Amino acid sequence: ILLAEDLELNLQKRELIYKNKEPILLRKREKEFLELLYNQKGMILSYLDIEEELWASKEMTSHALKSFIKELRAKIPVNIIKNIPQEGYVLKEKN
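Novice: What am I meant to see in the packing of aromatic side chains here?
Specialist: Each aromatic ring pair is characterised by the separation of its centres together with the angle its planes make. This structure, assessed with the given rule, holds four aromatic pairs. Here Tyr47 and Tyr89 contribute two aromatic rings whose centre-to-centre distance is 5.9 Å and whose plane-to-plane angle is 75°, an arrangement assigned as edge-to-face. Placement of Tyr47 in helix 2 (residues 47–54) and of Tyr89 in strand 7 (residues 88–91) is noted, with a sequence separation of 42 residues between them. Here the basic side chain of Arg29 rests over the ring of Trp55, its NZ or CZ set 4.2 Å away from the ring centre.

Next up, the structure:
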């Protein structure tokens, strides 16, 4: 899945490839989050949707979500996750 220019998500291997270089390994929840964002292209992925899909049987705190996003952003070499305050997240459009 092409998330941005030069950034590809390999769902089977749970990794990101940036500029055809060394793969960036993702945890299961990180891969699922990026896949959800991709599938909701152009639409906001709400906090509730994230909680239902990724935290399933657990309660998701706003702190847990913010920490998760911060850690994921640190792994990704380009900024592709846009926060929509008090609503959710959206995948930034490819340039």
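Novice: What's the story with the packing of helix 1 (residues 28–39) against helix 3 (residues 62–75) in this structure? I'm lost.
Specialist: Between two packed helices, the angle of one axis relative to the other and the distance separating the axes together describe the packing. One can describe the packing of helix 1 onto helix 3 by two numbers: an axis separation of 11 Å at closest approach and a directional angle of 85°. On the basis of the axis angle, helix 1 is roughly perpendicular to helix 3. Here Arg29, Glu30, Phe33 and Leu34 of helix 1 come into contact with helix 3, specifically with Phe68, Ile69, Leu72 and Lys75.

Thresholds, definitions, all that
- Residues numbered from 1 in each chain as written.
- Predicted model: local features only at pLDDT ≥ 70, side-chain atom pairs only at ≥ 80, totals over all residues.
- Heavy atoms only, no water.
- Phe/Tyr/Trp six-rings, centres within 6.5 Å; stacked < 30°, edge-to-face > 60°.
- Helix = DSSP H or I, 4+ residues; strand = E, 2+ residues; numbered from the N terminus.
- Lys NZ or Arg CZ within 6 Å of the ring centre and 35° of its normal.
- Axes fitted to C-alpha atoms, helices over the stretch in contact; angles between N-to-C directions.
- Parallel < 35°, antiparallel > 145°, perpendicular 65-115°, else oblique.
- Contact = heavy atoms within 4.5 Å.

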